[in-house]
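Coordinates in review
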Amino acid sequence: MHASSSPRPPARARVHTLPVRLTHWVNVYAMGCMFMSGWGIYNASPIFPFTFPEWATLGGWLGAATIWHFAVMWLLVGNGLLYLLTGALDGHLRRDLFSVRAADVRRDVAAALRLRLGHRAGHYNAVQKAMYLGVLLLGLLLVLSGLAIWKPVQLQALTTLFGGFAAARVVHFLAMAGVALFVIVHVLMVLLVPRTLPPMITGRAPLHRAPLATPRGGHDA
């Protein structure tokens, strides 16, 4: 009997922690509900000369859409706090997001425009770091402007800070549009580099993977 000559599967390394994966997928559900219920609320009193199609909304009518929006809001806020807490404790935020520099962003944007921006599972390049930081700031803006709209009398100082109730609605909508743009870019990048999806489910990726083009990809997640 000869020993089997079949190649061994490549070794795998952890690239995403459980809290990162858990909060990511909770965000997928929560953001979907927030977008759709928010569009339903928007349709009841549009800010701009357009509305969203009924099939893209959640709740069916203003009251139900509002209930959905406020209920899922607490899930989203709790999930965000869990992400920030665990990310601060395990060094994820410092290592993978706060280490970005403007020069690195300019370099990686130029590489992306030439279609030469590399990617390794679990490693964030400067463009990704800037985008994740940006969406975290947009999330904070959404929460604050949402509170200003929800309780304009009780939180009058906050509402005034945004320029009044009507202005707070505009800020809330534009922040939502910014998050939606992030989601679109994020999904497009997954479609372009589909091997980044399995590690966000299993937490692990093959060790033999190398950067596609640029040698400087970021830091471990």
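Residues numbered from 1 in each chain as written. Predicted model: local features only at pLDDT ≥ 70, side-chain atom pairs only at ≥ 80, totals over all residues. Heavy atoms only, no water.

**Quick look at the packing of aromatic side chains**
- Under the definition given, this model contains 13 aromatic pairs.
- Note on Phe-35 and Trp-39: the rings are 5.8 Å apart at their centroids and 25 degrees apart in plane angle, and the pair reads as stacked. Within this pair, Phe-35 and its partner Trp-39 are both found in helix α1 (residues 18-44), separated by four residues, close to a single helical turn.
- Its relative accessible area of 11% is what places Phe-35 among the buried residues.
- Plain terms: the ring middles of Phe-50 and Phe-52 are 5.8 Å apart, the flat faces sit at 85 degrees to each other, and that makes the pair edge-to-face. (Phe/Tyr/Trp six-rings, centres within 6.5 Å; stacked < 30°, edge-to-face > 60°. Helix = DSSP H or I, 4+ residues; strand = E, 2+ residues; numbered from the N terminus. Buried < 20%, exposed > 50% of the residue type's maximum accessible area, 1.4 Å probe, protein only.)

**As for the packing of helix α2 (residues 62-90) against helix α5 (residues 126-150)**
- At their nearest, the axes of α2 and α5 sit 12 Å apart, and the two run at 145 degrees to each other. Along this stretch, α2 crosses α5, giving a crossing that reads as left-handed. On α5, the residues touching Phe-70, Met-73, Trp-74, Val-77 and Tyr-83 of α2 are Leu-136, Val-143 and Trp-150.
- Across the contact of α2 with α5, the residue classes tally to eight nonpolar, no polar and no charged. (Axes fitted to C-alpha atoms, helices over the stretch in contact; angles between N-to-C directions. Left-handed = near helix turned anticlockwise from the far one by under 90°. Contact = heavy atoms within 4.5 Å. Nonpolar A, V, L, I, M, F, W, Y, C, P; charged D, E, K, R; others polar.)

**Describing helix α4 (residues 102-113)**
- If you check α4, its first and last C-alpha atoms are 17 Å apart, about what 12 residues at 1.5 Å a residue would give, namely 16 Å.
- Those residues of α4 that sit buried are Asp-104, Asp-108 and Ala-111. Looking down the long axis of α4, one finds its buried residues gathered within 55 degrees of arc, a one-sided arrangement. Pointing more than 90 degrees away from the buried face of α4 are the exposed residues Ala-102, Arg-106 and Leu-113.
- Buried-residue contacts for α4 involve α5. (Expected span 1.5 Å × (residues − 1). Arc of directions from axis to C-beta.)

**Remarks on the packing of α4 against α5**
- Packing of α4 against α5 leaves a shortest axis separation of 7 Å and a crossing angle of 115 degrees. Facing α4, whose interface residues are Asp-104, Val-105, Asp-108 and Val-109, α5 presents Ala-126, Val-127 and Ala-130.
- For the contact of α4 with α5, the residue count by class is five nonpolar, no polar and two charged.

**Digging into the UniProt feature "transmembrane region" (unreviewed entry) in the chain**
- The positions that UniProt labels "transmembrane region" (unreviewed entry) are, in the present scheme, residues 22-42, 62-85, 130-150 and 170-193.
- Secondary structure content for residues 62-85 is 100% helix and 0% strand, while the C-alpha to C-alpha distance between its ends is 34 Å.
- Between the C-alpha atoms that bound residues 170-193 the distance is 35 Å, and the span itself is 96% helix and 0% strand. (UniProt positions renumbered as here; feature names shortened; annotations may be inferred.)

**As for the environment of Leu-197**
- For Leu-197, the position within the fold is in helix α8 (residues 197-202).
- The class of Leu-197 is partly exposed, set by a relative accessible area of 36%.
- Once you skip the residues sitting within four places of it in the chain, Leu-197 turns out to touch Trp-25 and Val-190.

**Overview of helix α7 (residues 165-192)**
- The terminal C-alpha atoms of α7, which comprises 28 residues, lie 41 Å apart, in line with the 40 Å expected from a rise of 1.5 Å per residue.
- Within α7 the residues assigned to the buried category are Ala-168, Phe-173, Ala-175, Met-176, Val-179 and Phe-182.

**Focus on a nonpolar patch on the surface**
- A surface patch of nonpolar side chains, amounting to about 450 Å² of accessible area, comprises Val-183, Ile-184, Val-187, Leu-188 and Leu-191.
- Take Leu-191: it is sitting in helix α7.
- Residue Leu-191 is classed as exposed on the basis of its relative accessible area, which comes to 61%. (Patch = residues over 30% accessible without salt bridge, like charges linked within 9 Å, V, L, I, M, F, W, Y side chains within 5 Å. Areas by Shrake-Rupley, 256 points an atom, 1.4 Å probe, with all protein chains shown as cover. Salt bridge = Lys/Arg side-chain N within 4 Å of Asp/Glu carboxyl O.)

**As for the environment of Leu-81**
- Following the sequence through the fold, Leu-81 ends up in helix α2.
- Since its relative accessible area comes to 55%, Leu-81 is described here as exposed.
- Along the backbone, Leu-81 and Thr-23 are 58 residues apart, and their C-alpha atoms lie at a distance of 9.7 Å.

**Remarks on the side chain of Asn-79**
- Secondary-structure assignment places Asn-79 in helix α2.
- Its relative accessible area of 6% is what places Asn-79 among the buried residues.
- Contacts of Asn-79, omitting those with residues within four sequence positions, involve Thr-23, Val-26 and Asn-27.

**Let's talk about the nonpolar core**
- Judged by nonpolar contacts, the single largest core of 20 residues is most densely connected at Phe-35, Trp-39, Met-176 and Val-179.
- Elements that contribute at least two residues to this core include exactly α1, α2, α5 and α7.
- The element best represented in this core is α1, accounting for seven residues.
- Taken domain by domain, the makeup of this core includes at least three residues from each of domain 1 (15-99) and domain 2 (102-114 + 124-203).
- With residues up to four places along the chain from it excluded, the contact list for Phe-35 reads Met-176, Val-179, Ala-180 and Val-183. (Core = buried A, V, L, I, M, F, W, Y, C linked by side-chain atoms within 4.5 Å. Domains from an automatic or database assignment.)

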